[in-house]
Amino acid sequence: MSTATPTAPQRRSATAAASNYIDERTSLSVFVKELGRKAFPDHWSFLLGEVALFSFVVVLITGTFLTFFFQASMAEVEYDGSYVPLKGVEMSVAMASTLDISFDIRGGLFVRQMHHWGALLFVAAIGLHMLRVFFTGAFRKPRELNWVIGFTMFILAMGEGFTGYSLPDDLLSGNGLRIIDGMIKGIPLIGTWTSFLLFGGEFPGTAIVGRLYSLHILLLPALLVALVAVHLLFVVVHKHTHYAAPGRTQQNAVGPPILPIYAAKAGGFFFIVFGVLALIASMFTINPIWNYGPYDPSPVSAGTQPDWYIGFADGALRLIPPGWEFVWLDRTWSFNILVPLIALGLFILLVVSYPFIEAFVTGDKREHHIADRPRNAPTRTAIGAAGVTFYAGLWAAASSDILATHFRLTMEGVIHALQAVVLIGPFIAYFIAKRVCLALQKKDREIVLHGYESGRIVKLPGGEFIEVHQPLDEYDRWKLVSYETNQPLMLRPNDRGKITVAQKIRAGMSRWFFEDRIAPVTKGELEASHHSSQH
Amino acid sequence: MAQDDHSGAELAAADSSHAANVPAVKTGTALIQADAFENPGFPPHRPRVTDEDPKKERRAQRTVYTLFYLSILGSVWAIAAYMLFPIESNDVGAVRLNNMFIGLGATLALLGIGFGAVHWAKALMEDVELADERHKIGGNEVARAGAVKVFQDADRESGFTRRSVIRNSLIGALVVFPLPAIVLFRGWAPQDEHPVELLSHTMWQKGTRLALDPSGAPIKAADVTIGSAFHVIPEGLNDLEHGRLEQKAKAAVLLMRLNPEDLNENVNRTSWSYNGIVAYSKICTHVGCPVALYEQHTHHLLCPCHQSQFDVADHCKVIFGPAKRPLPQLPIAVDDEGYLIAQSDFTEPVGPSFWERH
Ligand code: FES
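As the structure is a prediction and not an experimental result, all values here were calculated from the model. (Residues numbered from 1 in each chain as written. Chains lettered and ligands numbered in written order. Predicted model: local features only at pLDDT ≥ 70, side-chain atom pairs only at ≥ 80, totals over all residues. Heavy atoms only, no water.)

Time to look at the overall build of chain A. Check the secondary structure of chain A and you find 20 helices and ten strands. Here the C-alpha coordinates of chain A stretch approximately 90 × 85 × 65 Å along the principal axes. Burial status across chain A gives 51% buried among its 535 residues. Long-range contacts, defined as pairs at least 24 residues apart, comprise 74% of the intrachain contacts of chain A with a sequence gap of at least 6. Surface summary for chain A: the accessible area is close to 24,900 Å², and the carbon and sulfur share equals 68%. (Helix = DSSP H or I, 4+ residues; strand = E, 2+ residues; numbered from the N terminus. Buried < 20%, exposed > 50% of the residue type's maximum accessible area, 1.4 Å probe, protein only. Contact = heavy atoms within 4.5 Å. Areas by Shrake-Rupley, 256 points an atom, 1.4 Å probe, with all protein chains shown as cover.)

Now the structure itself:
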């Protein structure tokens, strides 16, 4: 492109001419040259983030189609569409237009279901991606800020999900809003007015769907798109992490080039995600609002479930024991709502700040580009397992009624069991995960020192049977020895001969993190073991 | 100077895996073993079957273009399905077919491209693996010094630090200017209404007849048999021009008739029931779902949202679940024609708790 000069009147292909035209107006060639042959590390677990990104794109595309038909108005109309059982029923324009999308527009139901399934997948993929990043320590310097950005997107994605769920104004979405309204009212000082303003008067009012629609199609997606851009920009700046393997170091990024292999794989993968969502949407009904009917504050709705990602919050509400509400100073203190809100808030805060906590404990200021195997960071992995258990307990609680009826248990029994899971479960999970990690590390050491068990039994001249062990080659060995351990911090006075409180805290946490540790095999150890086995 | 957190000693340069960071960066409590294994470097490249066997390569090529052709087929199919499966009015089955066939065509179109491209990349594109050098994130010393100088120059030229009166007044103005925007949010709800006022009253008044939900037909006391339960709204609710749902969200009531001996009534509330007929707010005192599951033989009401349970025989006291307060009771009586009527509004706000409630 750039070699073509006005003095070289050779014939150029149309592509070259077009490239030239664009380049002379954009300097695009600089970017292509800079980025086109970048190595992009490859691993199945790196696909989770891609699933999130691609399902977000699908949701944007399908959502745009839906906006052409959906009308976010709560004005009352008499339904007059194709779905006979609801003919003549009073409902909001929002509900009626959603029914029209489903029953009167060809392919409308398909797009609507793809949108909903895509949204569920979007949140799920972000969650799994975050677990991958957490358990492999990919949040360490220099990627701490990208962790925070990613987490913010997780919250925004749930916000997108909830606002979207509320738009059709059917019985379930209205009930969901009812719960939100009740929760907001329970917040001290500002709750009553916040709810009043949000709903434009008394619940349910006629404003909320339109307001949520603005958030759903304008504010939240704009934020998400902007954060996605920053998130990916950081991936370019930091280069992707890779797992320990021969030849891969902290100073290189190893993988196929972006053009053509990575582009083909990722581009193809986008179509696969899109295609799988299309398949699900064509085969499985989701959110059949025509079965629920329009919102009415009075009918029963037993056994209904919120979308999966709201489950943990709903579960938290269910697990509060009776009686946690008081009148004090002539005001109502609804701890049955405040405690779940605060607990979830603290949980979120802990997750967001974990990279900074770990960095504080280790004091490690180096860049880390090699992702850990989870077993090689036992305490971190155990903390993650505890967090997952806590979340899972809350999540299961959102289905407490279904659990009870399905397994023929009492409601009380299920709730008490889940209260135990949420309060004690994390400790048990922590303990088990840590022991499993240490055991796996020990096994790795065994393998490095004595080789794989080959399964071949031989009889020694002395009549003794032994199993032949297959030694590792240096490449396989590298995967098992290339990690670092930390030693608990020793408290030492600083320059002014003082031990600060922060130092004490850090030393305590450091002991907690690194007291139990198993160091990788060293060269000397391997040699020593060879010597001893020869005798 | 680089130090670790154990001995305060200088770092050994043995940390080959972080060499670029050493010696300028702290390793914290990381334990760097002098005797660690070294990275053996890249293993020899292993060719794929398609690199070695021309037959396999041709097969892979066939697979890829077949997938792309299948994709085209899928797109054509989806277009055809759009035309062949119209949605006939009044036929839900047609909607299903339309949804399924358009969807399956689109699925084929998308998956064909997706799997084709991935297979092309994996089996046929040259199996290149590159190793890019990573550079330390962050500008070098020169760049940082340059940035510092830019800010210093800007500060000197503008007088941002020197002219502190100007600066502080600007900061003040910037803090205050968003306030009007916050005030505008008051307009989100009607100016002449007050939430606490609204939450404290419902549509029930002295003499309002209890009517069936949703038909609105008034209920005669004689029609309420022992053990039965009715979903109730105030008569006239359905005729409201405005605010029907808002009123219903507060005024919905459950009417049950128990054996009068089973009722464990408070002395000052004995006049609130009639012949074992009691009326309670249907709006859960937890966060406001309709409490509508009535278990006749235990006299328990169950809220489907978070499983709070209320004992109707005992003034709807909470017996399990996160709700705290009993469901408010609507005092009822019977008018001359035998219809059930309210004696008054509820005597306390119904529904979820709120801050100003007491
Ligand atoms: S709303 Fe009834 S238990 Fe939560």
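All names here are of chain B. Mapped onto the fold, Thr270 is located in the loop between strand E5 (253–257) and strand E6 (277–281). Remark: the alpha-carbon pair of Thr270 and Pro331, spanning 61 residues in sequence, is separated by 9.5 Å. Looking at Thr270, its side chain comes within polar contact range of the main-chain oxygen of Val267, at 3.0 Å. (Polar contact = N/O pair within 3.5 Å; in protein donor to acceptor, adjacent residues only side chain to side chain.)

So, about helix H17 (residues 425–450) of chain A. Taking 1.5 Å of rise per residue, the 26 residues of H17 of chain A would be expected to cover 38 Å, and the 37 Å separating its terminal C-alpha atoms lies within 8% of that figure. Of the residues flanking the end of H17 of chain A, it is Gly451 of chain A, one or two places downstream, whose phi is positive at about 85 degrees. (Expected span 1.5 Å × (residues − 1).)

Turning our eyes to something else, we now look at the sheet that holds strand E10 (residues 317–320) of chain B. Residue and element names in this part refer to chain B. Spatially, four strands are ordered E7-E8-E9-E10 in an open sheet, and the strand pairing comes out antiparallel. Looking at which strands have only one partner, the edges of the open sheet turn out to be strand E7 (293–295) and E10. This sheet shows a mean twist of 30 degrees between the axes of neighbouring strands, independent of strand direction. Bridge analysis of E7 against strand E8 (residues 300–302) gives three bridges, and the strand direction is antiparallel. Among the inter-strand pairings, Tyr294 is bridged to a residue of E8, identified as Leu301. (Pairing = 2+ DSSP bridges. Axes fitted to C-alpha atoms, helices over the stretch in contact; angles between N-to-C directions.)

Once that is clear, we can look at the UniProt feature "domain: Rieske" (unreviewed entry) in chain B. According to UniProt, the feature "domain: Rieske" (unreviewed entry) maps to residues 250–341 of chain B in the numbering used here. Taken as a whole, residues 250–341 of chain B contains 2% helix and 33% strand, while its terminal C-alpha atoms sit 17 Å from one another. (UniProt positions renumbered as here; feature names shortened; annotations may be inferred.)

Below, the discussion takes up the domain arrangement of chain A. Residues and elements named next belong to chain A. Under the domain assignment, chain A is made up of domain 1 (49–288 + 299–372) and domain 2 (434–534). One C-alpha centre belongs to domain 1, the other to domain 2; they are set 42 Å apart. Domain 1 puts twelve residues into the contact, and the matching count from domain 2 is 13 residues. Taking both sides of the interface into account, the surface hidden between domain 1 and domain 2 amounts to around 1,000 Å²; carbon and sulfur atoms contribute 68%. Its largest share of buried area at the contact with domain 2, domain 1 owes to Pro246, Phe360 and Val361, together 51% of the area lost on that side. Our enumeration of links across domain 1 and domain 2 arrives at one salt bridge. Here domain 1 and domain 2 share five residue pairs in polar contact (both at pLDDT 80 or more) between them. Partitioned by chemical class, the residues of the side of domain 1 that touches domain 2 number seven nonpolar, two polar and three charged. (Domains from an automatic or database assignment. Buried area = accessible area lost by both parts, 1.4 Å probe. Salt bridge = Lys/Arg side-chain N within 4 Å of Asp/Glu carboxyl O. Nonpolar A, V, L, I, M, F, W, Y, C, P; charged D, E, K, R; others polar.)

Further remarks concern empty space enclosed by the protein. Taken as a whole and assessed by the stated rule, the structure comprises three cavities of 30 Å³ or more. Taken together, Arg178, Lys185, Glu202 and Phe203 of chain A together with Leu199, Glu246, Ala249, Lys250, Val350, Gly351, Pro352 and Phe354 of chain B form the lining of the largest cavity. Broken down by element, the residue count for the lining of the largest cavity peaks at three residues, all from helix H8 (residues 244–251) of chain B. When its volume is computed, the second largest cavity comes out at roughly 70 Å³. Taken together, Asp181, Lys185, Thr192, Ser195, Phe196, Gly201, Glu202 and Phe203 of chain A together with Pro195, Leu198 and Leu199 of chain B make up the full set of residues lining the second largest cavity. Class assignment for the residues of the lining of the second largest cavity results in five nonpolar, three polar and three charged. (1 Å grid on protein atoms, 1.4 Å probe; cavity = no way out; pocket = protein on both sides within 12 Å on 5 of 7 lines; lining within 4 Å. Points joined across faces, edges and corners; volume = space filled by probe spheres on them.)

What follows concerns the state of the cysteines. Residue and element names in this part refer to chain B. The full count for this structure, using the stated rule, is one disulfide over all chains. Paired by a disulfide, Cys289 and Cys305 hold their sulfur atoms 1.9 Å apart. Since a negative S-S torsion denotes a left-handed disulfide, the Cys289-Cys305 link at about -85 degrees is left-handed. Taken together, the positions of Cys289 in the loop between E6 and E7 and Cys305 in the loop between E8 and strand E9 (309–311) put the pair 16 residues apart, joining distant regions of the chain. (Disulfide = S-S within 2.5 Å.)

All names here are of chain A. In this structure, the largest pocket encloses a volume near 1,400 Å³. As for the largest pocket, its lining consists of 49 residues, and the residues nearest its centre are Phe347, Gly387, Val388, Phe390 and Tyr391. Secondary-structure elements contributing two or more residues to the lining of the largest pocket are helix H5 (108–135), helix H6 (144–166), helix H12 (311–318), helix H13 (335–362), helix H14 (378–397), helix H16 (411–423), H17 and helix H19 (501–514). With eleven residues, the single largest contributor to the lining of the largest pocket is H13. Tallied by class, residues from the lining of the largest pocket come to 45 nonpolar, four polar and no charged.

All names here are of chain A. Taken together, Tyr21, Ile22, Leu28, Val30, Phe31, Val32, Leu35, Val236 and Leu259 make up a surface patch of nonpolar side chains, about 820 Å² in accessible area. Mapped onto the nonpolar patch, the elements with two or more residues apiece are helix H1 (14–26) and helix H2 (28–35). Broken down by element, the nonpolar patch gets its largest block of residues, five residues, from H2. Inspection of the secondary structure assignment puts Leu28 in helix H2. (Patch = residues over 30% accessible without salt bridge, like charges linked within 9 Å, V, L, I, M, F, W, Y side chains within 5 Å.)

Here we come to the UniProt feature "transmembrane region" (unreviewed entry) in chain B. Residues and elements named next belong to chain B. In the numbering adopted here, UniProt assigns the feature "transmembrane region" (unreviewed entry) to residues 64–85, 97–118 and 170–189. Across residues 64–85, the secondary structure splits into 95% helix and 0% strand, with the terminal C-alpha atoms separated by 31 Å. The span residues 97–118 carries 100% helix and 0% strand; its end-to-end C-alpha distance comes to 31 Å.

Our focus in this paragraph is the packing of H12 of chain A against H13 of chain A. All names here are of chain A. Packing of H12 against H13 brings their axes to within 9 Å, and their N-to-C directions diverge by 140 degrees. Comparing the axis directions of H12 and H13 gives the class oblique. The crossing of H12 and H13 is right-handed. From H12, Phe312, Ala313, Ala316 and Leu317 reach across to H13, where they touch Asn336, Ile337, Pro340 and Leu344. (Parallel < 35°, antiparallel > 145°, perpendicular 65-115°, else oblique. Left-handed = near helix turned anticlockwise from the far one by under 90°.)

Moving on, we get to the UniProt feature "transmembrane region" (unreviewed entry) in chain A. Residues and elements named next belong to chain A. The residues that UniProt annotates with the feature "transmembrane region" (unreviewed entry) are residues 46–70, 117–135, 147–167, 213–237, 269–290, 337–361, 382–407 and 413–433. For residues 147–167, the helix share is 95%, the strand share is 0%, and the end-to-end C-alpha distance is 30 Å. Here residues 269–290 is 77% helix and 0% strand, with 34 Å between the C-alpha atoms at its ends.

A few words on the interface of chain A and chain B. Contacts between the two partners involve 140 residues from chain A and, on the opposite side, 116 residues from chain B. Both faces combined, the contact of chain A with chain B buries some 10,800 Å², and carbon together with sulfur accounts for 61% of it. For the pair chain A and chain B, the interface holds five salt bridges. Put simply, Lys250 of chain B and Glu202 of chain A hold a salt bridge, and the shortest N to O gap is 2.6 Å. Inspection of the chain A/chain B interface yields 48 residue pairs in polar contact (both at pLDDT 80 or more). Considering each element in turn, the side of chain A that touches chain B owes the most residues, 16 residues, to helix H10 (residues 258–283) of chain A. Split by residue class, the side of chain A that touches chain B holds 64 nonpolar, 43 polar and 33 charged.

Annotation of chain B at the domain level lists domain 1 (49–128 + 142–186) and domain 2 (197–356). Distance between the C-alpha centres of domain 1 of chain B and domain 2 of chain B: 52 Å.

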